[in-house]
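Commentary on secondary and tertiary structure
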Amino acid sequence: MGAEVAWGLARAGADRVDMACRDLKRCEQARADLLARCIASSMVADGGAAGAGAAQRCSEVHQRCSCALLELTDPASVRSFAEAVSQSSSSSSRIVLVNNAGVMGNGRPTNGDATCEGASEDPQLQTNHYGHFLLTRLLLPNMGPGSCVAVVASRAHYQGSLAIHSESSGGVISSEAIDGMPGLSRILGALGFSWYARYARSKLCNVLFAAELRRRSTGPE
């Protein structure tokens, strides 16, 4: 989906599209595949000289897309990517940030054979939320008029649960308790689906982050 979004933005007229990916080889392959598909469909649709012109337009779109390294489980990689974007833009730049990356399943965040410094013990939360949160916060100062942030979430957020540290109550309150719901995350864990409970939690974080970012950006309605 990320590759399709990147190609769509480039076709819509974006001056530059950074296809951020943790595997540059796979990114370049996806970029090449998009170009080949665009040319093939153009030749079939138009044919002849018109088809050649359409193929040229595909090449121009392809050139506006470029691959960039971004490992969301590594805060240093996130900062490096954000710095590169910031250096090529200004506080008045129109930036469209699509937080699309996501993982689902078990595993631990690694960079080679070592756990990334500062990374979460849960790669789903680190990739799906923490990495996107940090990237967005770092790029906000460069987002001028017309900029936007798109956060890709999931209906799984309905099964998500968060622990809320409350100063007024002097303890920790579960979001499930607030909603009057049973401890779904504990039930999922007992059934061997604790990984899904963590995934749902990351998607709930996506939704809450997007809602709060919108509230702060637009002010009270």
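Residues numbered from 1 in each chain as written. Predicted model: local features only at pLDDT ≥ 70, side-chain atom pairs only at ≥ 80, totals over all residues. Heavy atoms only, no water.

Things to note about the overall build of the chain
Put simply, the rule is: Here a strand is any run of E in DSSP of at least two residues, a helix any run of H or I of at least four, and the numbering for each starts at the N terminus. For every residue, the accessible area obtained with a 1.4 Å probe (protein chains only) is divided by the maximum for its type, and the residue is called buried under 20%, exposed over 50%, and partly exposed between those limits. Should any heavy atoms of two residues lie within 4.5 Å, those residues are counted as being in contact. Accessible areas in this description were obtained via Shrake-Rupley with a 1.4 Å probe; residue shielding takes into account the shown protein chains only.
The helix and strand inventory of the chain stands at eight helices and six strands. Mapped from its N terminus to its C terminus, the chain presents α and β elements in the order α-β-α-α-β-α-β-α-β-β-β-α-α-α. Residue burial in the chain is summarised as follows: out of 221 residues, 34% are buried. Put simply, of all contacts in the chain between residues at least 6 apart along the chain, 72% involve residues at least 24 apart. Element-wise, carbon and sulfur atoms account for 54% of the exposed surface of the chain, whose accessible area totals about 13,000 Å².

Regarding the confidence of the model for the chain
The following threshold applies: Per-residue confidence from the predictor is given as pLDDT, running between 0 and 100.
Model confidence for the chain is summarised by a mean pLDDT of 80, while 73% of its residues fall at 70 or above. Taking the mean pLDDT of every element in the chain, the minimum, 50, falls on helix 6 (residues 175–179) and the maximum, 96, on strand 3 (residues 96–99). Confidence over residues 107–119 falls short of pLDDT 50; this stretch has 21 contacts with residues more than four positions distant or in other chains.

Digging into the state of the cysteines
Cut-off, in case you're wondering: Cysteine sulfur atoms are paired as a disulfide whenever they fall within 2.5 Å.
With the rule as written, the count across this model stands at two disulfides. Covalently, C27 is tied to C67 through a disulfide, its sulfur atoms 2.3 Å apart. Its torsion about the S-S bond being -95 degrees, the disulfide of C27 and C67 is classed as left-handed. Of this pair, C27 sits in helix 2 (residues 24–45) while C67 sits in strand 2 (residues 65–69), and the two are 40 residues apart along the sequence.

Considerations on the environment of R137
Topologically, R137 is positioned in helix 5 (residues 123–139). Using a relative accessible area of 45% as the deciding quantity, one classes R137 as partly exposed. R137 sits 76 residues away from L213 along the chain, and the two C-alpha atoms are 9.9 Å apart.

So, the packing of helix 4 (residues 75–87) against helix 5
Just so we agree on the cut-off: Only the stretch in contact is used when fitting a helix axis, every axis being a line fitted to C-alpha atoms; angles between N-to-C directions are given from 0 to 180 degrees. In this scheme, a crossing is called left-handed if the near helix is turned counterclockwise away from the far one by less than a right angle; it is called right-handed if the turn is clockwise.
Between helix 4 and helix 5, the least distance of the axes is 9 Å, while the angle of their chain directions is 35 degrees. By crossing handedness, the relation of helix 4 to helix 5 is classed as right-handed. Residues P75, V78, R79, F81, A82, V85 and S86 of helix 4 pack against Q126, G131, L134, L135, L138 and L139 of helix 5.

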